[in-house]
Amino acid sequence: MFLFSLIALVSAIISVYISRSIADQIEQPIAVLIALLFLSLSLIFAPVLIKLMIAIVLLLIQRNYVQGYYLLQKNINQEPGKGNAESLRLFLHRQN
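What counts and what doesn't
- Residues numbered from 1 in each chain as written.
- Predicted model: local features only at pLDDT ≥ 70, side-chain atom pairs only at ≥ 80, totals over all residues.
- Heavy atoms only, no water.
- Helix = DSSP H or I, 4+ residues; strand = E, 2+ residues; numbered from the N terminus.
- Buried < 20%, exposed > 50% of the residue type's maximum accessible area, 1.4 Å probe, protein only.
- Contact = heavy atoms within 4.5 Å.
- Areas by Shrake-Rupley, 256 points an atom, 1.4 Å probe, with all protein chains shown as cover.
- Axes fitted to C-alpha atoms, helices over the stretch in contact; angles between N-to-C directions.
- Parallel < 35°, antiparallel > 145°, perpendicular 65-115°, else oblique.
- Left-handed = near helix turned anticlockwise from the far one by under 90°.
- Nonpolar A, V, L, I, M, F, W, Y, C, P; charged D, E, K, R; others polar.
- pLDDT = per-residue confidence, 0-100.
- Patch = residues over 30% accessible without salt bridge, like charges linked within 9 Å, V, L, I, M, F, W, Y side chains within 5 Å.
- Salt bridge = Lys/Arg side-chain N within 4 Å of Asp/Glu carboxyl O.

**Observations regarding the overall build of the protein chain**
Logical step 1: A tally of helices and strands in the protein chain yields four helices and zero strands.
Logical step 2: Order of helices (α) and strands (β) in the protein chain, N terminus to C terminus: α-α-α-α.
Logical step 3: The 96 residues of the protein chain split such that 14% are buried.
Logical step 4: The contacts of the protein chain with a sequence gap of at least 6 include a subset with a gap of at least 24, amounting to 43%.
Logical step 5: Carbon together with sulfur atoms contributes 71% to the accessible area of the protein chain, which is approximately 7,800 Å² in total.

Structure representation (structure tokens):
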């Protein structure tokens with residue numbers, strides 16, 4: 001199963017590369033759809049441990065974006081001069 005997952009993942013990466021290099025507006029969406037098909041096949045054939053690692057990474061990424069959005073909203077809603085700009089700057093610097 002892992003070999004099928006790896007083959008589908010490599011095919012998806014190749015399809016994305018081809019869709020980026022195609023200038024025609026008809027073939028580009030078709031290449032993107034093929035890439036999505038192979039990516040979904042890759043996830044279907046992937047072992048459970050890899051699926052869990054992907055889910056954990058997605059949850060961590062989502063948590064960081066929610067935290068950054070909260071700091072941004074907190075900074076926007078405060079009065080001028082009393083904002084939390086320093087903590088927002090540190091958060092954005094940590095993301096890069």
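So much for the structure itself; the text now carries on.
**Concerning the packing of helix α1 (residues 2-21) against helix α2 (residues 27-45)**
Logical step 1: Contact geometry for α1 and α2: axes closest at 8 Å, N-to-C directions at 160°. Overall, the two elements α1 and α2 adopt an arrangement that is roughly antiparallel. α2 is crossed by α1, and the crossing has left-handed handedness. Residues F2, F4, S5, A8, L9, S11, A12, S15, V16 and S19 of α1 pack against Q28, A31, V32, I34, A35, F38, L39, L41, S42 and F45 of α2.
Logical step 2: Looking at the contact of α1 with α2 residue by residue, the class counts come to 14 nonpolar, six polar and no charged.

**Section: the confidence of the model for the protein chain**
Logical step 1: Per-residue confidence for the protein chain gives a mean pLDDT of 76; residues scoring 70 or more make up 77%.
Logical step 2: Here helix α4 (residues 85-95) stands out as the element of the protein chain with the lowest mean pLDDT, 65, in contrast to α2, whose mean of 83 is the highest.

**What to know about the side chain of S15**
Logical step 1: Within the fold, S15 resides in helix α1.
Logical step 2: Once you skip the residues sitting within four places of it in the chain, S15 turns out to touch A31, I34, A35 and F38.

**Quick look at a nonpolar patch on the surface**
Logical step 1: Taken together, the side chains of L9, I13, V32, L33, L36, L39, L43, I54, V57, L58, I61 and Y65 define a hydrophobic patch exposed on the protein surface, amounting to about 1,100 Å² of accessible area.
Logical step 2: Secondary structure elements with two or more residues in the nonpolar patch: α1, α2 and α3 (48-77).
Logical step 3: Among the secondary structure elements, L58 is positioned in helix α3.
Logical step 4: The class for L58 is exposed, based on a relative accessible area of 53%.

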